[in-house]
Every structure is written in structure tokens, then in C-alpha cells.
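As a plain string of letters, each chain reads:
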Amino acid sequence: MKAKKYVTLSYDDGPKHDRRFVAMLNERGLKATFNLISGSMPENDPDSWYISKAEAAELYRGHEIAAHSLNHPHLEQLSPEEIDFQISEDIRNLSAIAGYPVLGHAYPFGTYSDTVIDVLKHNGIRYARTTRSTGAFLPPENPLLLHPTCHHRDPAVFDLIERFLAAEPEDGDLLFYLWGHSFEFDRNEEFNSWEHIEKVLDALAGHPEIAYVTNMQFFDRTVK
């Protein structure tokens, strides 16, 4: 199969700001994976800082719900049993909310250990995102150490997008991977505002040669 170019986004924690962000993605035909902390999600509270369990499935429809641990601890500082509880409970809760098996994960604080990775494997997690930006477009050698291209507030984000758009996937698939938290857009900084992310999304969207996918769709290559 001919090599292709892919774009995916990964946003963490499930704050109320995701409502506005998801609408922006949907308007542009972009897809993202949202890594939720199920232990912080209320059952049904539209005024909560976190998206509620009752709202999540509909809000994130067309995107992907993935795990971020039950309570967002530094997983590598816990015992194997505690790590397993944090991961397995989050997966169980989120799979029930999403209506499909949750197979992805983002490391809280971007930190991990060999034990954490082993527990993820044991719980059926297919990929896990770090916070170490690469500035590159190569798919990960190890999906459980999925390093993103950049954070949305990276001052080089538009240069990276230009490089990606100009790149030719001659030797294999290329992936532009953007990550962050939607609550950061309220900070109204130069590279960290709603106006900034709108410009980033506009630069990424609308290119017919690019497949816009969730994280899991990229690993499954379900978008042809």
C-alpha cells in the first residue's frame, strides 16, 4: 500500500473546555483522541470543570476516548498493584462510557517506567503517549512510547506544519502528532490561546492528501 500522511491530535484530562475545542475540530474535519481521568468525572453535572460521564460519549463521538489513569498520579511512583488499579479501573470506566474497548493511554505528567509499561501491556493497552516532543513525523518504533511531534504552544509549530505539508511519504507513512490540554487556551498567551489553536487547526485542515485520524485509527490504519 502506498505510503500516506496522517494527522492526529491528543488532548488530556477532559476539562469543560473540550466542548469548544471539539466543535472547532468538527468544523474542520479534524479528529482527536481525548485522554480522560475517569475518577474525576462526575456522573451528570453540566457545571463541573470536568466533562461528565453522561455527556462524554456524545461529546467525543467521531473522536476517540482513551485512558489517562483513574486519578492522574505519577504512576512510576506507585506499587505494581496500585499501577494496575489505576489503569484497569480507568479502562473499565471509560470503556463503559464510550461503548467500545478503550485501548489507548496517555501517561500522567508524561512519566513512566518499565513496570508501568508492563502493566499497560497486561491490560491490553495498544499505545501510550508521552510528553516528549520530537519535532519529527516518523511513526513510533514502540507504540507504548509514543512521542508526539509537538505541543500546540511550541513556537515552531507553524514551521513544523509547513515542513510536514511539504514532505513526501516516499519511504513510509508520515505522522504529524499534536498534543496539549484544551484548558490551556484560556491562558491567552502568544502560543497558547483560542486564537492560536484556531490558526493551528486551520493550517492542518483541508489537505486532501492527508488522512485525519484518531490515535487508534492511525495504529489500525482504518482510514484509507
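Whatever comes next refers back to the structure up there.
Only a predicted model underlies this, so the values are computations on that prediction, with no experimental measurement involved.

Reading the values: the criteria
- Residues numbered from 1 in each chain as written.
- Predicted model: local features only at pLDDT ≥ 70, side-chain atom pairs only at ≥ 80, totals over all residues.
- Heavy atoms only, no water.
- Helix = DSSP H or I, 4+ residues; strand = E, 2+ residues; numbered from the N terminus.
- Contact = heavy atoms within 4.5 Å.
- Buried < 20%, exposed > 50% of the residue type's maximum accessible area, 1.4 Å probe, protein only.
- Pairing = 2+ DSSP bridges.
- Phe/Tyr/Trp six-rings, centres within 6.5 Å; stacked < 30°, edge-to-face > 60°.
- Lys NZ or Arg CZ within 6 Å of the ring centre and 35° of its normal.

Draft legend 1. The environment of glutamine 86, seen in detail. As for its position among the elements, glutamine 86 is in helix 3 (residues 80-98). Residues glutamine 86 and glycine 62 lie 24 residues apart in sequence; the distance between their C-alpha atoms is 26 Å. What glutamine 86 contacts, discounting residues up to four positions off in sequence, is Ser69, Leu70, Asn71, His72, Pro73, Leu75 and Leu78.

Draft legend 2. Broad picture of the pairing of strand 7 (residues 174-180). Taking burial as the measure, the 7 residues of strand 7 include 7 buried ones, the bulk of the element. Of the two faces of strand 7, the one carrying Leu174, Phe176, Leu178 and Gly180 and the one carrying Leu175, Tyr177 and Trp179 are both buried. Here 7 bridges tie strand 1 (residues 5-13) to strand 7, and the two strands are oriented parallel to one another. Paired with tyrosine 11 across the two strands is glycine 180, which belongs to strand 7. Inspection of the sheet shows strand 6 (residues 150-151) paired to strand 7 by 2 bridges, in the parallel sense. In the sheet register, histidine 151 faces strand 7, and the bridge partner there is tryptophan 179.

Draft legend 3. Region of interest: the environment of serine 52. Position of serine 52 relative to the elements: it lies in the loop between strand 2 (32-36) and helix 2 (53-59). In this structure the C-alpha to C-alpha distance between serine 52 and glycine 14, which are 38 residues apart in sequence, comes to 8.8 Å. If we skip the residues at most four places from it in the chain, serine 52 touches Met41, Pro42, Glu43, Asn44 and Asp45.

Draft legend 4. Geometry of unusual backbone geometry. If you check the backbone angles, aspartate 13 has positive phi at about 85 degrees while not being a glycine. Within the element layout of this structure, aspartate 13 appears in strand 1. Positive phi outside glycine occurs at phenylalanine 109, with the angle close to 65 degrees. By the secondary structure assignment, phenylalanine 109 is in the loop between strand 4 (104-106) and helix 4 (114-122). The exposure class assigned to phenylalanine 109 is partly exposed, which follows from its relative accessible area of 44%.

Draft legend 5. Highlighting the packing of aromatic side chains. By the definition in use, this model includes 15 aromatic pairs. Ring geometry for phenylalanine 34 and tyrosine 60: centres 4.7 Å apart, planes at 35 degrees, overall tilted. Of this pair, phenylalanine 34 sits in strand 2 while tyrosine 60 sits in the loop between helix 2 and strand 3 (64-67); the two residues are 26 residues apart in sequence, bridging distant segments of the chain. Assigned by exposure class, phenylalanine 34 and tyrosine 60 land together as buried. Members of the aromatic cluster, joined through ring pairs, are Tyr11, Phe21, Phe34, Tyr60, Phe185 and Trp194. Directly above the aromatic system of phenylalanine 164 lies the positively charged group of lysine 5, at a separation of 5.1 Å from the ring centroid. Its guanidinium or amino end placed over the ring of phenylalanine 218, arginine 221 lies 3.9 Å from that ring's centre, counting from NZ or CZ.

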